Structures are given as structure tokens and as C-alpha cells.
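Remarks on the overall topology
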Amino acid sequence: MKVTHSSVPEVREPARPRRAPVPRVPRTFFYEKIVPAALILIGVATLLTLVVALLGVAGVIHF
Amino acid sequence: MPVNFLLSLLAAAVSGIFSLVVLNRYRERGGMHLLVWGIGLVLYSLSTLAQAVLFQGWNALFFRLWYWAGAMIVAAWLGQGTIHLLVRRGRIAMTLLGVLTVASLVALVLVLRVPLDPGGGNFTLPNWISNYSKVLPPSDTPEGVVRRLTVLFNVYGTVGLVGGAIYSGWLFLRKQILPNRVLGNVLIAAGGLSNALGGTLARLGGPEFLPLSQLLGAGLIFAGFWLAVSGAPQPAAQRARV
């Protein structure tokens, strides 16, 4: 008997659980302007704090 | 009852609850960053609790605990957690953790051995934090090495915690995904900055703000963590079970 492709039982992969769509950042003034500004501000303030702390270690400022 | 006593107690409670949440998450999911953060938050809670105890009067053991856990190493452990989250290549994070562990133990030995001078108005209630630095030897003496080490621990921790949160927040913002993680990281960075500012102000002669900065720091980091882990995308089937 000729074995045809269609007589081979079809093996199905178990269905993977579908992932929920990844939430997108809304295109609002808050996310486009305020949040980046906040990140930059925090970064600059942190750098200044660290510079002051290191000046203390160097003996320029006395703790 | 001094306001700073209450603020210290509140900071201890917030960071204590936060540490339980993080360590419970580590028990359920694993992840070295959660374990290291959990250790950092236990140190946070212990130090602010010791701080509250010191508002009731002098105690050398609690002063040493406060200085070691709080002033010296807590920021470094929190920053180390973020380094574990972000640096996945090779064994860099584990090597840094090894160095931090050894350095923390060396710091503990130094703090246990450092001579303290609480007399002569160096430790006075109600606001002992105003004069805490005079209890320790000056930083230009051999015993004052603990004070110089404190700054180095804090610089490392702040770069790790705040820098890591800013980097993560910026990354999600650039990819335009997961707004909860963007905001969560902004809050974590702000909390880390609050702690760093409070610590630096304390060393520069403005220590009255320290307990407030600690409470703000713990609250902001907790809120940021909560926001960042909530709303994470899950498989649809798993969501259906919840």
C-alpha cells in the first residue's frame, strides 16, 4: 500500500498560551515631556549629590 | 515625642513590610536581585528602628547598628540588587556581590571596634542626629576610616540604584512600552535620590531632614517597585485563573 502524506496522523504542537499585548506608553504630554524631564532632573540632582559626597572624601568639604 | 522619632518608626515599618513583600516574591519566583534587595531592605528597617531607639537615649550597640546598617551599607545593597537585575553578562554581578559582602563584613568589624564618644554634648536628645558625627572619630584620623568608607559605599549604591532606575525607565520610554515600569522606575530613582540627599545633608550639617528623607525614600521605592511589578504582561490562560 502506498503511504500518502495524508495518512500520517497529524501531530499538533500543544497550543502555547497567548501572551497579552504589551501595554504601550500613551502619547501624552505627561509621558513625552514630564517623565523625561523628571528622569533628567533626578539624574542631575543625583550627580550633584555624589560630587559633593566625593569632595568630602577628597577633603575639599569637611564632613 | 520628637517628630523624627515617629518618622524613623514609620520608615522602619514601611521598609520592614517592603522587605517581606520582596523576600516573599523571591521565595515564589527566585531571582538574585530580589534576594539582594530583600537583604538591603532588612538592613533599611533595622537601621531606622535603631535610629528610633536612639531618640529615646544613648545606646552604643544601637548606635553601631544604626551606623553600620544604615549610614554605611544599606544603599550599596539596594544598588547591588539593581545591578543583578541589569547586568546579566558573565559573573560581573556575582563578583561585585562577593566584594560587597566582604566589604560589608570588614565595615562591621571596623564599626564594632571604632571608639565612640557620646559624652560632652556629642549625643544629646531630643535631636541626637544633629551631633552624631561628633560621636565618631574625625575622618582624618586612622579610626575615622569608617567615615571615609561610608561615602564610598553610598556612592556605589546610589549609582547602582538611581542610575539603574533611570536607565531602565529611559529604556522603556524609548521603546514606548510598559508605562507602569516607566513610572515605577521614576519613583524608585526619586526614592534613591531622597535617601542620598538626606545622607549628604546629614554629613554637611543638616541632619534634621534625615528621618523624613528615609521615610520618603522607603515609600517612593516601595510604590515604584509595586507599580513596576503590577500590570506586567502574563499569558492569557494565567490571567484567566486569577
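Refer to the structure printed above.
Parameters at a glance
- Residues numbered from 1 in each chain as written.
- Chains lettered and ligands numbered in written order.
- Predicted model: local features only at pLDDT ≥ 70, side-chain atom pairs only at ≥ 80, totals over all residues.
- Helix = DSSP H or I, 4+ residues; strand = E, 2+ residues; numbered from the N terminus.
- Buried ≥ 20, exposed ≤ 12 C-beta atoms within 10 Å, placed from the backbone.
- Expected span 1.5 Å × (residues − 1).
- Contact = placed C-beta atoms within 7 Å.
- Nonpolar A, V, L, I, M, F, W, Y, C, P; charged D, E, K, R; others polar.
- Axes fitted to C-alpha atoms, helices over the stretch in contact; angles between N-to-C directions.
- Parallel < 35°, antiparallel > 145°, perpendicular 65-115°, else oblique.

On to the overall build of chain A, then. Helix and strand counts for chain A come out as one helix and zero strands. Residues classed as buried in chain A amount to 14% of the 63 residues present.

Moving on to helix α1 (residues 3–29) of chain B. All names here are of chain B. Taking 1.5 Å of rise per residue, the 27 residues of α1 would be expected to cover 39 Å, and the 39 Å separating its terminal C-alpha atoms lies within 8% of that figure. Buried residues of α1: Asn4, Leu7, Ser8, Ala11, Ala12, Val14, Ser15, Phe18, Ser19 and Val22, and no others. Packed against the buried residues of α1 are α2 (32–54) and α8 (210–229). Taken from the residues just after α1, Gly30 is the one with a positive phi, measuring 75°.

Taken together, the contact between chain A and chain B spans 26 residues of the former and 34 residues of the latter. Looking at side-chain class alone, the side of chain A that touches chain B contains 19 nonpolar, four polar and three charged residues.

Attention shifts here to the packing of helix α3 (residues 60–86) of chain B against helix α4 (residues 92–113) of chain B. All names here are of chain B. Where α3 contacts α4, the two axes come as close as 10 Å, and the packing angle between them is 180°. The pairing of α3 with α4 is recorded here as roughly antiparallel in orientation. Contacts from Arg64, Tyr67, Trp68, Met72, Ile73, Ala76, Gln80, Ile83 and His84 in α3 reach Ala93, Leu96, Leu97, Leu100, Ser104, Ala107, Leu108, Val111 and Leu112 in α4. Considered class by class, the residues forming the contact of α3 with α4 number 14 nonpolar, three polar and one charged.

Any functional reading would require information beyond the geometric quantities listed.
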